[in-house]
Amino acid sequence: MKLSNYYLPTLKEAPKDADTLSAKLMIRAGLIRKVASGLYEWLPLGLRVLKKVENIVREEMDRADANEVWLPVVQPKELWEESGRWTFYGKELLRFTDRKEAGFCISPTAEEAITDLIRKDVSSYKQLPVCLYQFGTKFRDEIRPRFGVMRAREFYMKDAYSFAATDESANEWYQKMYDAYQRIFTRCGFNFKAVEADTGSIGGNFSHEFMVLADTGEDAIADCTCGYAANTEKAEIMAPADIEINEADLKPMEKKATPKAYTIEAVAEMLGVPQSQLIKLLVFTADGKPVVALVRGDHELNEFKFKALLKCNELEKATEEVYTQVTGSFVGFAGAQGLKEKNPNVMIYADNYVKNIVNGVSGGNEKDVHTINVTPRRDIKVDVYADLKMASAGDKCARCGKEFSFTRGIETGHIFKLGTKYSAAMHATFLGEDQKEKPMIMGCYGIGISRVVAAAIEQSHDDNGIIWPAPMTPFDVALVAIDYDSNPEVKKHADEICAKLESAGLSVLLDDRDERPGVKFKDMDLIGLPYRLLISSRTVKDGQCEYKKRTDKESVRWNLAEAVEKLLSETGK
């Protein structure tokens, strides 16, 4: 492919609203252009990468015996009402009515559509198991689209769904997909890790995320040497051993004025205590019912764990009005001491670390006042102690007791054991060997194809631009020809080498533009092709060309007659 015929609009600078490294490089390298918030156009170079990822995924899905289908992105309201997600999914689900006033949505996932498809034709255990997958555009109306294509409103993904008659068969399919994902991300050339994860709005009872490791990753991963790994939303933390409290050490509670101390940091500084001695009170509504959570001042409440503990559908931070009704105090100054006496029906949940606070600090239940010498085991009637904190430095693995290490990653794939969440709700049943009707047992397996492209850039780049992993590169070779139009010898050798490389199965981007050498080199470094050959009047005169790998600092001279053979050897062709 000659670059003079290829649409590749590169930029020297990225737009100011590009908020991640991958977004900046994808725009500068001419892979994408922004249309509106969270909406992007994919240009020829970007689309080549996208299709390469898609082909890798398709080959591994087929290898795993999944069958490809094509489902509509516009889906009827009735299907989503059957599953219960029409209202549960929230404002992220883009709903609309057609000219007949019928309700529809643009689907962010396809559980409803695929379950409806299967229930129409599968009625016996003899027809199970089955796994179907598709590639398609999805839409989620994110409140704050960010990170370029990694958190866009419109995105391209592969989603697969398995249906089984038994738990054993469902588990086998989960493992098949887990293994397929391992092969996919290995083939993409990633340094990645599979970690246990929260099931989120998809639902189900177990899941794994496949995380591409990168310092700029949006997710934190808790990793243990025992083999357990999970994102910090899911990571199971060992409870600290209960300390022995000596009654003689307990001081009487006392109120202290803390004017304009509205943050944990401000209160700790004003009272001269570490943040770990503060007891943070948070009020939520769980399916509309108020509940209270307590965590240490230096810890962050993990809302995913809290929601799982409560087994509720909706967990939301309480409004100021509800907060005041529950605590009888101003927002930010409520303490749990005496709360049960004032409001006996409210449930109080506390993180395990709160249990060991002695002579701590809590809100004073008055504006600009805090109470010191609060000891939860003496002064607060906690209903349930549980693992409610976000995993952080110093925490230990609940499986083996060793301390976690932490890395960052980008979620590019997610697999779920759905169980019968959708099949039971939508009456996707079959007759078993015992002739009894049973709901099918489902699994769900997604890969964000467009996210994979961005993740590759986040993991592999330098100051000059992208460094594509060889399996994902849009072109294998950058063939830079200086004086292509003005020197017949340059043109001749460039065309010959290009033709031979393409005949051998390599894709070549021939830069035949009438541009300065520096412009060409910068563009090739920016778009990140793995191998570069340079042919110019100077090199041709010596019967040579210059070769450089994208990751090398210096180029080397090759004889023109040996260039094709050497490059094929470098690429493994």
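Residues numbered from 1 in each chain as written. Predicted model: local features only at pLDDT ≥ 70, side-chain atom pairs only at ≥ 80, totals over all residues. Heavy atoms only, no water.

1. With respect to the overall build of the protein
The helix and strand tally for the protein stands at 17 helices and 31 strands. Looking at the protein as a whole, 52% of its 573 residues are labelled buried. Of the contacts made within the protein by residues no fewer than 6 positions apart, 69% connect residues no fewer than 24 positions apart. Of the roughly 26400 Å² of accessible surface on the protein, 48% is carried by carbon and sulfur atoms. In the protein, 78 side chains carry a positive charge and 88 a negative one; their mean positions are 1 Å apart. (Helix = DSSP H or I, 4+ residues; strand = E, 2+ residues; numbered from the N terminus. Buried < 20%, exposed > 50% of the residue type's maximum accessible area, 1.4 Å probe, protein only. Contact = heavy atoms within 4.5 Å. Areas by Shrake-Rupley, 256 points an atom, 1.4 Å probe, with all protein chains shown as cover. Lys, Arg positive; Asp, Glu negative; His and termini not counted. Charge placed at Lys NZ, Arg CZ, Asp CG, Glu CD.)

2. Quick word on the pairing of strand β9 (residues 192-196)
Burial of β9 is extensive: four of the five residues sit out of reach of the surface. Pairing of β9 with strand β10 (residues 206-213) involves five bridges; the strand directions are antiparallel. Residue pairing across strands places Ala194 opposite Phe210, the latter belonging to β10. (Pairing = 2+ DSSP bridges.)

3. Here's the deal with the environment of Ser460
Position of Ser460 relative to the elements: it lies in the loop between α13 (449-459) and β25 (461-462). Each C-alpha atom, one on Ser460 and one on Ile32, is 18 Å from the other, the two residues being 428 residues apart in sequence. Leaving out residues up to four positions away in the same chain, Ser460 has contacts with Ile466 and Ile467.

4. Here's the deal with helix α15 (residues 517-527)
By the burial criterion, the buried members of α15 are Lys520, Asp523, Met524, Asp525, Leu526 and Ile527. Of the residues flanking the end of α15, it is Gly528, one or two places downstream, whose phi is positive at about 80 degrees.

Read these as geometric descriptors, not functional statements.
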